[in-house]
Amino acid sequence: MHVATLTTERLVLRRWRDSDREAFFALNIDPEVMATIGPVMSRVESDAFMNRIENRFDEYGYGLWCVELNGEAIGFTGFMAPWFREGVEIGWRIRADHWGSGYATEAARECLRHGFVDLGFPEVISFTAAINARSRRVMEKLGLEYDPSEDFEHPGVPEGSPLREHVLYRITASQYRDQS
């Protein structure tokens, strides 16, 4: 299945390559990056995650694109199907040394455009641990609206963890068109 390569002013969003596995693993073992996401991953877990991402691209034509800056993989953004609820979720993960430069917002904005304009999604959701202020700011910058009625305890996070309580944001295709 053909998968679009997306571009922004500063970034290329592309499929992952085997040569990106080390950079992907470095992202997934960084305690600062994973502090509001979950436990750091082993190499086996990281490779399995990349394999699932690639399978998703093959099956659906979209997934979590590698975010490339000046030829270097600095993270990912794109779409997933949550295993525990309906919907298409947009998410991102960027190396900590690139935080504060707007890369997550820039990449996710292009993904939203692709999702609504090219793929015809009726709605996109995003969720994160309630304490993840950085991701919540990105969601708001993208025009997603917080829906407190959809707050939930993430079934994949152990009880008692400060990451268990999650918040949900959403945007519909018509809301996206109205803000574009």
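This is a predicted model, so every value here is computed, not measured.

Quick notes on the rules
- Residues numbered from 1 in each chain as written.
- Predicted model: local features only at pLDDT ≥ 70, side-chain atom pairs only at ≥ 80, totals over all residues.
- Heavy atoms only, no water.
- Helix = DSSP H or I, 4+ residues; strand = E, 2+ residues; numbered from the N terminus.
- Buried < 20%, exposed > 50% of the residue type's maximum accessible area, 1.4 Å probe, protein only.
- Lys, Arg positive; Asp, Glu negative; His and termini not counted.
- Salt bridge = Lys/Arg side-chain N within 4 Å of Asp/Glu carboxyl O.
- Polar contact = N/O pair within 3.5 Å; in protein donor to acceptor, adjacent residues only side chain to side chain.
- Phe/Tyr/Trp six-rings, centres within 6.5 Å; stacked < 30°, edge-to-face > 60°.
- Lys NZ or Arg CZ within 6 Å of the ring centre and 35° of its normal.

Participant: Sorry, what's going on with the side chain of R136 here?
Facilitator: Take R136: it is sitting in helix α5 (residues 133–141). The side chain of R136 sits in the buried core without any salt bridge; E140 is the nearest counter-charge, 5.1 Å away. From its side chain, R136 meets the backbone oxygen of A130 in a polar contact 3.1 Å long.

Participant: I'm lost on unusual backbone geometry in this one. Help?
Facilitator: The general pattern is negative phi for most residues beyond glycine and trans for most peptide bonds. At N70, a position not held by glycine, the phi torsion is positive, near 50 degrees. On the secondary structure map, N70 appears in the loop between β3 (64–69) and β4 (72–80).

Participant: Please clarify how the packing of aromatic side chains should be interpreted in this entry.
Facilitator: Describing an aromatic ring pair means giving the distance of the ring centres and the angle of the ring planes. If you walk through the whole model with that rule in mind, you get 16 aromatic pairs. Each ring, one from F24 and one from F76, has its centre 6.2 Å from the other, and the planes form 40 degrees; the classification is tilted. Placement of F24 in helix α1 (residues 21–29) and of F76 in strand β4 is noted, with a sequence separation of 52 residues between them. You'll find F24 and F76 in the same group, each marked buried. Relative to Y169, the ring of Y146 has its centre 5.2 Å away and its plane inclined at 35 degrees; by these criteria the two rings are tilted. Taken together, the residues Y146 in strand β7 (residues 145–146) and Y169 in strand β9 (residues 165–172) connect sequence positions 23 residues apart. An aromatic cluster is defined as three or more aromatic residues linked by ring pairs; in this entry it consists of F57, Y60, Y62, W65, F79 and F121. Note that R56 overlies the ring of Y60, its terminal NZ or CZ placed 3.8 Å from the centroid. Sitting over the face of the ring of Y146, R136 holds its NZ or CZ atom 5.1 Å from the ring centroid.

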